[in-house]
Amino acid sequence: MFHSLHPMSEYHGAARAVGGCAIYVSDKPGSHDFNLLKKLVFYDGSILRAKLPGRPTKDFLFSDPSRDGKSLLKIWNHNDYSGVLGVFNCQGAGWCRVGKKNLIHDEQPGTVTSIIRSRDVGCSAKIAGDGWNGNAIIFSHLGGEVLYLPKNTSLPVTLKSREYEVFTVVPVKELSNGGSFAPIGLIKMFNSGGAVKDLRYEVDESAIVNMKVRGSGVFRAYSSSKPKRVTVDEDAVPFTYNEGTGLVCIDLKIPPVELYLWKITMEL
């Protein structure tokens, strides 16, 4: 539970998005930040809830991200076809076991730099399935950047005090026609990859990707080549493709009914 209209509301909203938990707000009537709430909740009241309880990454399991002055808190979770990684700078205050309350021990904690890797998401190999080579697409929610992260490489993350970032981590599927693909999801949501509920590949003369996606807004996917055609519920739709980043972008309308799944097909 948190206040949506608060100086730290986005920070706490991001934490709920990667926590895999139910989401509640304790706002008083008329005091709401609907732009923030729309990153968590759809028009039908449903949320993109991750599959597991959020848990710390293994590399910082025995670090103290609130007191040691050098660690960021990294919490991972996963969806059906992607991982989600929340990174938080929470240095400067911590829970006091004696006084049973939070205590501020550093009024001006400094900037902290850490790294993220695709294997920070503990279930990456299980999500990707057989034949995954370890390469992944990383999408940053605040930065809006998409990076291709090869196996065993890392990405530096620098956060000032009380800053955060949420990363969507998507295993890259290598296709038999030589291309590669990774669905990112609804990029305006904290947990963008949670929107992808089904993902299937058909390989013929050209590769065909079939997806079922929940919600509305800007949907993005990575593709090494420009799609020949994109359809939503069998209807051809306009799309954009960035040659530099490999991003395919389409707009999904508000679903006609609650919990509706759009059928998206991309011919690559």
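Residues numbered from 1 in each chain as written. Predicted model: local features only at pLDDT ≥ 70, side-chain atom pairs only at ≥ 80, totals over all residues. Heavy atoms only, no water.

Engineer: Would you mind going over the overall build of the protein in detail, with residue names and values included?
Structural biologist: Counting its secondary structure elements, the protein contains 3 helices and 20 strands. Over its C-alpha atoms, taken along the principal directions, the protein stretches across nearly 65 × 45 × 30 Å. Expressed as a percentage of its 268 residues, the buried residues of the protein come to 48%. Taking contacts inside the protein between residues at least 6 apart in sequence as the whole, the part at least 24 apart equals 66%. Of the roughly 13800 Å² of accessible surface on the protein, 52% is carried by carbon and sulfur atoms. Taken together, the 32 basic and 27 acidic charged side chains of the protein have centroids lying 6 Å from each other. (Helix = DSSP H or I, 4+ residues; strand = E, 2+ residues; numbered from the N terminus. Buried < 20%, exposed > 50% of the residue type's maximum accessible area, 1.4 Å probe, protein only. Contact = heavy atoms within 4.5 Å. Areas by Shrake-Rupley, 256 points an atom, 1.4 Å probe, with all protein chains shown as cover. Lys, Arg positive; Asp, Glu negative; His and termini not counted. Charge placed at Lys NZ, Arg CZ, Asp CG, Glu CD.)

Engineer: I'd like a description of the pairing of strand 16 (residues 229-232), backed by residues and values.
Structural biologist: Inspection of the sheet shows strand 16 paired to strand 20 (residues 261-267) by 4 bridges, in the antiparallel sense. Pairing of Val230 across the sheet is with Met266, part of strand 20. Examined bridge by bridge, strand 16 and strand 17 (residues 235-236) share 2 bridges and lie antiparallel to one another. Counterpart to Thr231 in the pairing with strand 17 is Ala236. Hairpin connection of strand 16 to strand 17: 2 residues between the antiparallel strands, including Asp233 at a positive phi of 50 degrees. (Pairing = 2+ DSSP bridges.)

Engineer: Can you lay out the side chain of Asn191 for me, pointing to particular residues and giving the numbers?
Structural biologist: Among the secondary structure elements, Asn191 is positioned in the loop between strand 12 (180-186) and strand 13 (196-203). On the accessibility criterion, Asn191 (2% relative accessible area) is buried. Here Leu48 takes part through its backbone oxygen, which lies 3.0 Å from a polar atom of the side chain of Asn191. (Polar contact = N/O pair within 3.5 Å; in protein donor to acceptor, adjacent residues only side chain to side chain.)

Engineer: Give a description of empty space enclosed by the protein that names residues and reports values.
Structural biologist: Taken as a whole and assessed by the stated rule, the structure comprises 1 cavity of 30 Å³ or more. Looking at the largest cavity, its volume works out to about 80 Å³. Surrounding the largest cavity, 14 residues form its lining, Ala17, Ile23, Leu40, Leu48 and Arg49 being those nearest its centre. Among the residues making up the lining of the largest cavity, the classes are represented as 9 nonpolar, 2 polar and 3 charged. (1 Å grid on protein atoms, 1.4 Å probe; cavity = no way out; pocket = protein on both sides within 12 Å on 5 of 7 lines; lining within 4 Å. Points joined across faces, edges and corners; volume = space filled by probe spheres on them. Nonpolar A, V, L, I, M, F, W, Y, C, P; charged D, E, K, R; others polar.)

Engineer: I'd like a rundown of the nonpolar core, residues and numbers included.
Structural biologist: Core analysis: the largest hydrophobic core is formed by 25 residues, its most contacted members being Phe181, Met211, Phe219, Leu252, Ile264 and Met266. Sort the elements by how many residues they give to this core and strand 14 (residues 207-214) lands first, with 4 residues. Setting aside its immediate chain neighbours within four residues, Met266 contacts Phe181, Ala207, Ile208, Val209, Met211, Phe219, Ala221, Arg229, Val230 and Val248. Judged by nonpolar contacts, the second largest core, of 17 residues, contains Trp76, Val121, Ala136 and Ile138. (Core = buried A, V, L, I, M, F, W, Y, C linked by side-chain atoms within 4.5 Å.)

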